[in-house]
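Structure assessment
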Amino acid sequence: MKNVFSIILMALIMMSCNKEEKVFKSRTFKYVDVETIFKDSTASIRAIDFDEDYLYYGSSNHIGKRALNKELKFSVDDLKLSTGKNHFKNILNYEGKPLAFRAIESVEGDLLALSISSPARLYKLSRKSKNPILVYEEGHEKAFYDSMKFWNGEEGIAIGDQTDDCISIIITRDGGNSWTKLSCDDLPKAKEGEAAFAASDTNIAIVGDKTWVATGGKVSRIMYSPNKGKTWEVYQTPIVQGIETTGMYSIDFYDDNNGFAIGGDYTKAADSSANKIRTKDGGKTWQLVAQNESPGYRSCVQYVPHSNAKALVAVGFNGIDYSNSAGASWAHLSDEGFYTIRFLNDSVAYAAGNKRIAKLSFRE
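Here the structure is a predicted model, which is why all the values come from computation and not from measurement.

Observations regarding the overall build of the protein
Of regular secondary structure, the protein possesses one helix and 31 strands. Put simply, 50% of the contacts in the protein that link residues at least 6 apart link residues at least 24 apart. As presented, the protein carries roughly 16300 Å² of accessible surface, and 48% of it is formed by carbon and sulfur atoms.

Below, the structure written as structure tokens:
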């Protein structure tokens, strides 16, 4: 009986090890294939999201929705502006001018889209609705929202620049139907010139209930909440900062401990002296990595899924770069320029930028 138990135990251990090997793949990408799936000469896309049916995006003058399954079709009568059987763009105007959307989120088939500048206007487009519904509006002359993300199907957060003496944060607890702006009394005080960048809709990283917000500009810090935005603290970073165009442009966390942020100064895109930082303790402390090594300025960074926090991809208008060393060293894969990227799985991603959305296939 003892021998039988030992055999079973050994088999379970071997199964566990094999499962672990399947999840965490040791691989090195050397190439990326870029397939353009959508072109629009009027688009400047800095926010994308997707679910199993649709790819959503926010552009300089509209929000868009593209069916990933060609069998899914839209009715021209149901939408303000249709551009094909499986794609539409919806132009939302304020005082005769189209709004620009750089923060979006897909929530259980619904699309939340938040415009930049004042007035900030947040719309919810339900999956079966004909028209987006305005669910939040802020008329402060300094209003400028940069990024949005959800903890779950009911609770979400959006962040923006200072209107008073703190970074602007709005919270929903009912699936995006209503939003409340947090009081500066409940938030860390912002420094002079501290803001955030609406460059890729990746100023916010979420793991479980934990939330990290990357600020930038003259001061570039991490705002951290352990409890879905109920309480906050702030951590310093060593990334380049000091003028309006410097700091973190993008942040991502692989798990509770491992995080990465990238940015720099888009007006000095080749400068790589202090534009990449990494944490291994949940954001409390950060270290500069790959100093004076490419890439320089990048607007978005994302962990490759199932990479054990080792693999990262960064994109910007100067190209696509890859690291398999947790950001310590990087390889330049392509000169194709994009503003933002999201992974579908551990080798395929969607990226968006000037006038297009593309499917990126990474290979060894």
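With respect to the sheet that holds strand 21 (residues 233–235)
Strand order in the open sheet formed by four strands is 17-18-20-21, and the pairing between neighbours is antiparallel. The sheet is open, and its two edges are formed by strand 17 (204–207) and strand 21, each paired on a single side. Strand after strand, the sheet turns through a mean of 20 degrees between neighbouring axes, direction not considered. Direction of pairing for strand 17 relative to strand 18 (residues 210–214): antiparallel, over a ladder of four bridges. Residue pairing across strands places Ile 206 opposite Thr 211, the latter belonging to strand 18.

Description of unusual backbone geometry
Cis geometry is found at the peptide bond from Ser 118 to Pro 119, where omega equals 0 degrees. Ser 294 connects to Pro 295 through a cis peptide bond whose omega is 5 degrees. Note on placement: Pro 295 falls in the loop between strand 25 (287–288) and strand 26 (300–303). The backbone of Ser 117 sits at a positive phi, close to 65 degrees, despite the residue not being glycine. Within the secondary structure layout, Ser 117 lies in the loop between strand 9 (110–115) and strand 10 (120–125).

Section: the pairing of strand 24 (residues 276–279)
By the alternation rule, side chains of strand 24 split into Lys 276 and Arg 278 and Ile 277 and Thr 279, which are all buried. As paired elements, strand 24 and strand 25 share two bridges and run antiparallel to each other. If you follow Arg 278 over to strand 25, its bridge partner there is Gln 287.

Considering the state of the cysteines
Inspection of the entire model under this criterion finds one disulfide. Sulfur-sulfur distance for the disulfide between Cys 166 and Cys 184 comes to 2.0 Å. Of note, the bridge from Cys 166 to Cys 184 carries an S-S torsion of about -75 degrees and is left-handed in sense. You can see Cys 166 sitting in the loop between strand 13 (156–162) and strand 14 (167–172) and its partner Cys 184 sitting in the loop between strand 15 (180–181) and strand 16 (194–195), a full 18 residues away along the chain. Residue Cys 166 is classed as buried on the basis of its relative accessible area of 3%.

Section: the sheet that holds strand 29 (residues 331–334)
On the basis of which strands lie adjacent, the open sheet formed by four strands has the order 26-27-28-29 and antiparallel pairing. Edge positions in the sheet fall to strand 26 and strand 29, since each has one partner strand and no second. Strand-to-strand twist across the sheet, computed as the mean angle between neighbouring axes with direction ignored, equals 25 degrees.

Some thoughts on the pattern of salt bridges
What the rule picks out here adds up to 14 salt bridges. Across the pair Lys 124 and Asp 110 runs a salt bridge whose closest N-O atoms are separated by 3.8 Å. Linking Lys 124 in strand 10 with Asp 110 in strand 9, this pair joins segments that are 14 residues apart in sequence. On the basis of relative accessibility, which here comes to 10%, the residue Lys 124 falls in the buried class. According to the relative accessible area criterion, Asp 110 is buried, its value standing at 17%. Of the charged contacts, one joins Arg 121 and Glu 137 as a salt bridge, the two residues approaching to 2.7 Å between their closest N and O atoms. In this pair, Arg 121 sits in strand 10 while Glu 137 sits in strand 11 (residues 133–138), placing the two residues 16 residues apart along the sequence.

Remarks on the environment of Ile 159
Inspection of the secondary structure puts Ile 159 in strand 13. Ile 159 sits 14 residues away from Tyr 145 along the chain, and the two C-alpha atoms are 5.8 Å apart. Non-local contacts of Ile 159, meaning those with residues more than four positions away in its chain, are made with Tyr 145, Asp 146, Ser 147, Ser 168, Ile 169, Ala 196, Asn 203, Ile 204 and Val 213.

Here's the deal with the side chain of Lys 228
Note on placement: Lys 228 falls in the loop between strand 20 (222–225) and strand 21. Lys 228 gets classed as buried once you look at its relative accessible area, which sits at 15%. A distance of 2.7 Å separates polar atoms of two side chains, one belonging to Lys 228 and the other to Glu 155. Residues in contact with Lys 228, not counting those within four places in the same chain, are Trp 151, Asn 152, Glu 155, Arg 173, Asp 209 and Thr 211.

Some remarks on the layout of surface pockets
It is the rolling of a water-molecule-sized probe over the atoms that shows where space remains empty. Volume-wise, the largest pocket comes out at about 480 Å³. Lining the largest pocket are 24 residues, with Lys 149, Asp 252, Gln 302, Arg 342 and Phe 343 sitting closest to its centre. Counting residues per element, the ones that place at least two in the lining of the largest pocket are strand 2 (47–50), strand 8 (101–107), strand 12 (145–150), strand 17, strand 22 (246–253), strand 26 and strand 30 (340–343). Considered class by class, the residues forming the lining of the largest pocket number 14 nonpolar, four polar and six charged.

Rules used throughout
- Residues numbered from 1 in each chain as written.
- Predicted model: local features only at pLDDT ≥ 70, side-chain atom pairs only at ≥ 80, totals over all residues.
- Heavy atoms only, no water.
- Helix = DSSP H or I, 4+ residues; strand = E, 2+ residues; numbered from the N terminus.
- Contact = heavy atoms within 4.5 Å.
- Areas by Shrake-Rupley, 256 points an atom, 1.4 Å probe, with all protein chains shown as cover.
- Pairing = 2+ DSSP bridges.
- Axes fitted to C-alpha atoms, helices over the stretch in contact; angles between N-to-C directions.
- Buried < 20%, exposed > 50% of the residue type's maximum accessible area, 1.4 Å probe, protein only.
- Disulfide = S-S within 2.5 Å.
- Salt bridge = Lys/Arg side-chain N within 4 Å of Asp/Glu carboxyl O.
- Polar contact = N/O pair within 3.5 Å; in protein donor to acceptor, adjacent residues only side chain to side chain.
- 1 Å grid on protein atoms, 1.4 Å probe; cavity = no way out; pocket = protein on both sides within 12 Å on 5 of 7 lines; lining within 4 Å.
- Points joined across faces, edges and corners; volume = space filled by probe spheres on them.
- Nonpolar A, V, L, I, M, F, W, Y, C, P; charged D, E, K, R; others polar.

In short, geometric facts, not functional conclusions.
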